Amino acid sequence: MLTEKENERLTRVGPGTPMGELMRRYWQPIGALSELDDTPVKHVKLLGESLVLYKDLKGGLGLIGDTCPHRSVSMLYGVPEESGLRCPYHGWMFDCSGQCIEMPAEASGTTFPNRVKITGYPVQELSGLIFAYLGPEPAPLLPRWDMFVWDNVLRDIGSTVIPCNWLQIMENSLDPVHVEWLHGRFSDYVLERLGRADLKRQFYRAGGVGGNWSHEKIGFDEFEYGIIKRRVVEGGSENDPEWRVGHPVVFPNLLRVGSNFQYRVPVDDENTLHVWFTAYPQPPDTIVEPQESVPHYQVPLPFGANGEVDWSMVDNNSGQDIVAWVTQGAIADRSQEKLGESDKGIILYRRQLRQQLAILEDGGQPMNIFRNPSENVQLDLPWEGQDDPWGFARKGLMRRTGQAGKYAPVLREMVARMDGEEALNGPVH
């Protein structure tokens, strides 16, 4: 249980808040590069700040304030040009730093543009995913986690904005036991409601050793990048990769499940951008060329027009998770919770958050801030399929959860490669 004050400290992310200042020390994903192919200007809200992301005519990226300082017109309707984004109202143009570089109606030679600047933040693209940095300069290096730089893989990116605070989503990553209940027994209940009782226990049949995800043992270990989560399920042992290797929660807001990254990016205090980034290992005798463009898909929310649960969208892991997160409220009231022994991963993660906040407030550098290029070539993380990536892929455990899988363009190609093998329900997390 947290006090109301502690809960505020860990959940609020606006400028000047403790967690907002911590999150601003990290590069945060804000969208897929392929999203800008047809619409080169996109509204972005990140850590409580309202911005526009744009791609200029040379292919350069900019992230600037969403309002022209001249007459307060939205820059969402700005016109991309070779050197920046031009306001549609009077043609003022801003470069990627937010500096005004042209005012067509002003006198030639005027220095007025030099004195007008709006918010501008650095952005970088890595493997089709666009990241932004909103913190103080100098910016750290964008972490090159292994899946971003692997060779001979196919990749895709999914996203959706979930109407709740980032922390209740992230804490789910430190809660192994919910898998057997939310994604097992509740999933069976959903299938019964939908008249598909013949599919009950499909999740368990697709699961771990013994075809069961009833937990006998859970464990958590801190490591250099965050926390490793481990489990032993009924019929299994500590020799299974789910315990021997486990899967990591990378500080501050990244979960790895197989060859899938899940970022939980605070939009503001009550909304979270959820990003699924997947790298699909290929058969050992197959060589694939690097993708010219990494495809993006939108993950639908499992709610109807009036906000009620759409049961047809809750037959999968993602839909079930989102319902569990959202129904805790916009910001979960942790002063009323009752934690047990099975919640020790959540308790450890909160402790890690508090420790890193204290380091920052003491003038130190929190974990996972990289500044040495030679140490950032490829940051390898442990994952359950590391001994046999293609074999792990074939089992289906690396596939993204639920609705993400249904809408993933690369996944359809992967399923076709698997000799018609039945697609499973999704990765365990």
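The rules behind each value
Residues numbered from 1 in each chain as written. Predicted model: local features only at pLDDT ≥ 70, side-chain atom pairs only at ≥ 80, totals over all residues. Heavy atoms only, no water. Helix = DSSP H or I, 4+ residues; strand = E, 2+ residues; numbered from the N terminus. Polar contact = N/O pair within 3.5 Å; in protein donor to acceptor, adjacent residues only side chain to side chain. Contact = heavy atoms within 4.5 Å. Axes fitted to C-alpha atoms, helices over the stretch in contact; angles between N-to-C directions. Parallel < 35°, antiparallel > 145°, perpendicular 65-115°, else oblique. Nonpolar A, V, L, I, M, F, W, Y, C, P; charged D, E, K, R; others polar. Buried < 20%, exposed > 50% of the residue type's maximum accessible area, 1.4 Å probe, protein only. Arc of directions from axis to C-beta. Phe/Tyr/Trp six-rings, centres within 6.5 Å; stacked < 30°, edge-to-face > 60°. Bend = angle between axes of the 7 residues up to and from the residue. Core = buried A, V, L, I, M, F, W, Y, C linked by side-chain atoms within 4.5 Å. Pairing = 2+ DSSP bridges.

Undergrad: For this particular structure, what's the right way to read the side chain of asparagine 376?
TA: Within the fold, asparagine 376 resides in the loop between α9 (344-361) and α10 (389-395). One polar contact links the side chain of asparagine 376 to the main-chain carbonyl oxygen of leucine 142, over a distance of 3.0 Å. Side-chain polar atoms of asparagine 376 contact the backbone nitrogen of arginine 144, separated by 3.1 Å. Beyond its immediate sequence surroundings of up to four residues, asparagine 376 is in contact with Leu141, Leu142, Pro143, Arg144 and Phe370.

Undergrad: It is not clear to me how the packing of helix α5 (residues 178-193) against helix α8 (residues 317-326) should be interpreted in this structure. Could you clarify?
TA: Describing two packed helices takes the angle between their axes plus the distance from one axis to the other. Contact pair α5 / α8: the axes reach a minimum separation of 10 Å and the direction vectors enclose 110 degrees. In terms of axis orientation, α5 runs roughly perpendicular to α8. Where α5 abuts α8, its residues His178, Leu182, His183, Phe186 and Ser187 lie against Asn317, Gln320, Asp321 and Ala324. Looking at side-chain class alone, the contact of α5 with α8 contains 3 nonpolar, 5 polar and 1 charged residues.

Undergrad: I'm lost on helix α1 (residues 4-11) in this one. Help?
TA: Owing to its 3.6 residues per turn, the α-helix brings residues three or four apart onto one side. Every buried residue of α1 is listed here: Asn7, Leu10 and Thr11. On an axial view of α1, the arc spanned by its buried residues comes to 90 degrees, and they lie on one face. On its buried face, α1 is in contact with α2 (18-23), α4 (166-172) and α9.

Undergrad: When you look at the environment of proline 252 in this model, what are you seeing that I'm missing?
TA: With respect to the helices, strands and loops of the structure, proline 252 is situated in the loop between β15 (247-250) and β16 (254-257). Residue proline 252 is classed as buried on the basis of its relative accessible area of 4%. Sequence-wise, proline 252 and tyrosine 349 are 97 residues apart; in three dimensions their C-alpha atoms are separated by 9.3 Å. Apart from the residues within four sequence positions on either side, proline 252 is in contact with Met23, Tyr26, Trp166, Met170 and Tyr349.

Undergrad: Looking at this model, I keep getting lost on the packing of aromatic side chains. Mind explaining?
TA: What characterises a pair of aromatic rings is the spacing of the ring centres plus the angle enclosed by the ring planes. Counted under the stated rule, the structure contains 18 aromatic pairs. Judged by centre distance (5.8 Å) and plane angle (80 degrees), the rings of tryptophan 145 and phenylalanine 370 are edge-to-face. With tryptophan 145 in the loop between β11 (129-132) and α3 (146-149) and phenylalanine 370 in the loop between α9 and α10, this residue pair connects regions lying 225 residues apart in the sequence. Phenylalanine 370 matches tryptophan 145 in its accessibility class, with the two residues each being buried. Aromatic rings pair up to connect Phe131, Phe148, Phe261, Tyr263 and Phe277 into one cluster.

Undergrad: Any chance you could explain α5 here in plain terms?
TA: Within α5, the axis deviates most sharply at serine 187, by approximately 35 degrees. All of the buried residues in α5 are His178, Val179, Glu180, Leu182, His183, Gly184, Ser187, Asp188, Val190 and Leu191. Count one or two residues on from α5 and you reach glycine 195, which has phi positive near 75 degrees.

Undergrad: How should I be thinking about the environment of proline 143 in this particular structure?
TA: Within the secondary structure, proline 143 sits in the loop between β11 and α3. Under the relative-accessibility criterion, proline 143 is labelled buried at 14%. Along the backbone, proline 143 and isoleucine 369 are 226 residues apart, and their C-alpha atoms lie at a distance of 8.1 Å. Residue contacts for proline 143: discarding those within four places in its chain leaves Trp27, Leu126, Phe148, Phe370, Asn376 and Leu379.

Undergrad: Can you help me understand the nonpolar core in this one?
TA: Nonpolar side chains tend toward joint burial in soluble globular proteins. Ranked by size, the top nonpolar core spans 71 residues in total, and within it Leu63, Trp145, Phe148 and Tyr263 carry the most contacts. For this core, the element with the most residues is α9, which contributes 6 residues. The residues contacting leucine 63, other than those within four sequence positions of it, are Ile30, Val44, Leu51, Val52, Leu53, Cys96, Thr119, Gly120, Tyr121, Val123, Ala132 and Leu134.

Undergrad: What is the right way to look at the sheet that holds strand β5 (residues 79-81) in this model?
TA: Adjacent strands of a sheet pair through backbone hydrogen bonds, lying either parallel or antiparallel. An order of β5-β6-β7-β8 is seen for the 4 strands of this open sheet, with the pairing classed as antiparallel. Looking at the sheet topology across the chains shown, the edges are occupied by β5 and β8 (100-102). Pairing between β5 and strand β6 (residues 84-86): 3 bridges, direction antiparallel. The partner of proline 80 across the bridge, within β6, is leucine 85.

Undergrad: Could you clarify how one ought to interpret unusual backbone geometry in this entry?
TA: Residues other than glycine predominantly adopt negative phi, and peptide bonds predominantly adopt the trans conformation. Between glutamate 137 and proline 138 the backbone carries a cis peptide bond, its omega angle lying at 0 degrees. Assignment of secondary structure puts proline 138 in the loop between β11 and α3. A cis amide bond, omega 5 degrees, links phenylalanine 251 with the succeeding residue proline 252. One non-glycine residue with positive phi stands out, namely leucine 47, at about 55 degrees. Locating leucine 47 in the fold gives a position in the loop between β2 (41-46) and β3 (49-55). In the Ramachandran plot, asparagine 368 falls in the positive-phi region, its phi being about 65 degrees despite a non-glycine side chain. One can find asparagine 368 in the loop between α9 and α10.

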